[in-house]
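Commentary on secondary and tertiary structure
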Amino acid sequence: MPATPEIGMVVVQPTAFCNIACTYCYLPDRSNTHVIAQSTVTRLFEEIFASGWSCPELIVVWHAGEPLVVPVSFYEEAFSTIDRLRPANVIVKHSFQTNGMLIDADWCRLFKQWNVGVGVSLDGPRDLHDLHRKTRSGKGTFDKTIAGVRTLRENEVPFHVISVLSKASLDMPHELLDFYLTEGIDQVCFNVEESEGDHVSSLFHGPALRQRYAAFLRTFWHEARRSGRVRFVREIDLTLPRVFRPEGAPTRNIQVEPLAMLNVDSHGNVSSFSPELLGLKNEAYGDYLLGNIRFQSMAEIRDACLASPLYRDISEGVRACRAACDYFSVCGGGAPVNKLFENGSFTGTETSYCTLTQMVPTDLILEAYDRLEKGWVAAEPATVTPPPPLPSGQTAAQPPRMP
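As the structure is a computational prediction, the values presented were derived from the model and not from experiment. Chains are numbered independently. Their residues run from 1 in the order of the written sequence. Only residues with pLDDT of at least 70 get local features here, since the model is predicted, and only at 80 or more are side-chain atom pairs given and counted; chain-wide, interface and lining totals rely on the full set of residues. Each side-chain value is derived from all of the structure's non-hydrogen atoms; neither hydrogens nor water enter the calculation.

Turning our eyes to something else, we now look at the environment of V164. Mapped onto the secondary structure, V164 falls in strand 5 (residues 160-165). Note: C-alpha distance between V164 and H132 (32 residues apart in sequence) is 9.4 Å. For the purposes of this entry, the term helix denotes a DSSP run of H or I that reaches at least four residues, the term strand denotes a run of E that reaches at least two, and both are numbered from the N terminus.

Right, dumping it as structure tokens:
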């Protein structure tokens with residue numbers, strides 16, 4: 001662990017409220033309409049920048065609930081405040097994860113003015129999307145979401161989509177790819193439906209799920225690359241540099257470093273590690289909170305974090321992963337929230353989530369590289385064409401998952 005915190009990502013909850021009711025949502029407070037105060041935003045970034053712990057590039061993700069229910073004017077003021085406070089040697093990149101239903105020309109102007117990264121939660125064609133992503137009255141949300149996607153395209157705003165793979169869609173790589181290509185979507189991320197909070201996944205875990213997901217991702221990746229029209233597949237493109245990296249270069253996992261991922265709710269409460277922990281409660285760990293930025297300094301929050309049972313047990317889990325897992329050099333210790341909800345403890349090791357998000361992509365990359373190496377041996381040197389460079393879309397800054 002770093003001697004001092006290295007804050008790489010701040011996940012800010014402008015409001016816990018969400019305007020829809022997805023069947024797989026785990027958020028417990030999604031009817032609460034409270035909005036974070038501008039004074040809390042100011043205090044948060046004053047403390048972050050005064051601490052000197054910010055990485056040279058700081059990613060600020062506006063997420064948890066639906067961030068676009070808060071008006072454009074709020075973000076214009078918040079972004080201006082953060083830009084005024086930031087040190088000259090720190091670059092701040094803002095990002096939104098949205099259901100896309102409220103996107104219009106005004107939002108597109110904000111996104112372009114501030115070079116905001118935009119992720120849209122879109123589960124595929126209408127029948128797949130509307131199966132789980134519903135309004136509070138139970139109707140489908142596809143029409144409004146796809147209208148938002150088309151508005152982004154019309155206004156030339158770069159974006160990516162995150163699709164949750166559920167029991168219905170896990171065997172449909174061709175159908176999903178055809179849909180993305182039809183809609184001009186060229187940056188794609190997948191989240192396999194998980195058990196978190198009070199939501200229990202509809203998928204069976206174990207070897208069968210690993211095999212199904214590997215078959216899905218292998219087919220989608222190869223067909224997407226063959227099409228020449230998909231620039232970014234997160235599961236592959238973010239794993240590649242973790243597999244092929246300079247000798248001795250460490251792999252960073254900000255979900256297990258104290259304060260590396262700082263999560264702040266609309267009341268100023270602060271947590272760290274997995275962002276999904278914010279707002280949840282547990283008998284052993286209480287509410288997972290480390291303090292409140294309105295009343296405590298970053299130094300006090302750091303001290304509370306380092307002294308917490310939460311950090312103690314997450315660290316023990318990382319050590320266990322290091323000792324037991326062949327994929328540790330790629331993963332760096334797993335996602336604490338999944339260890340807790342799948343294994344019942346932060347101190348455990350392998351989860352279905354790490355199997356799917358770390359092991360499967362690594363295996364597929366090494367499988368492809370093995371075929372490539374065999375091709376190099378069989379071909380004359382003059383006929384070997386090197387692979388194209390990796391795309392460098394703004395999605396590379398995104399956290400592992402945020403549906």
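The biggest cluster of nonpolar side chains holds 94 residues, and the ones touching the most others in it are F45, I48, W62 and L262. Examining the composition of this core, we find that eight residues originate from one element, helix 7 (residues 207-227), more than from any other. Any two residues whose heavy atoms approach within 4.5 Å at even a single point are treated as in contact. Residues in contact with W62, not counting those within four places in the same chain, are V12, P14, P67, F74, Y75, A78, F79, I82, H94, S95, F96 and Q97. Counting nine residues, the second largest nonpolar core, distinct from the first, contains I20, C22, C25 and V164. What we call a nonpolar core is a set of buried Ala, Val, Leu, Ile, Met, Phe, Trp, Tyr and Cys residues that are connected through their side-chain atoms within 4.5 Å. Exposure categories follow from relative accessible area, calculated using a 1.4 Å probe and restricted to protein chains: below 20% of the type maximum is buried, above 50% is exposed, and the middle band is partly exposed.

Relative to the helices and strands, T141 is located in the loop between helix 4 (126-132) and helix 5 (142-154). A polar contact is formed between the side chain of T141 and the side chain of H129, at a distance of 2.9 Å. Beyond its immediate sequence surroundings of up to four residues, T141 is in contact with I20, M101, H129, D130, R133, K134 and T135. A 3.5 Å cut-off defines polar contacts: any pair of N or O atoms within that distance qualifies, except that in protein one atom must be a possible hydrogen donor and the other a possible acceptor, and neighbouring residues in sequence count only when both atoms are side-chain atoms.

All right, on to the environment of L152 then. With respect to the secondary-structure elements, L152 resides in helix 5. Owing to a relative accessible area of 0%, L152 belongs among the buried residues under this scheme. Measuring from C-alpha to C-alpha, the distance between L152 and D104 comes to 8.0 Å, with 48 residues separating the pair along the chain.

All we've got here are geometric facts, nothing functional implied.
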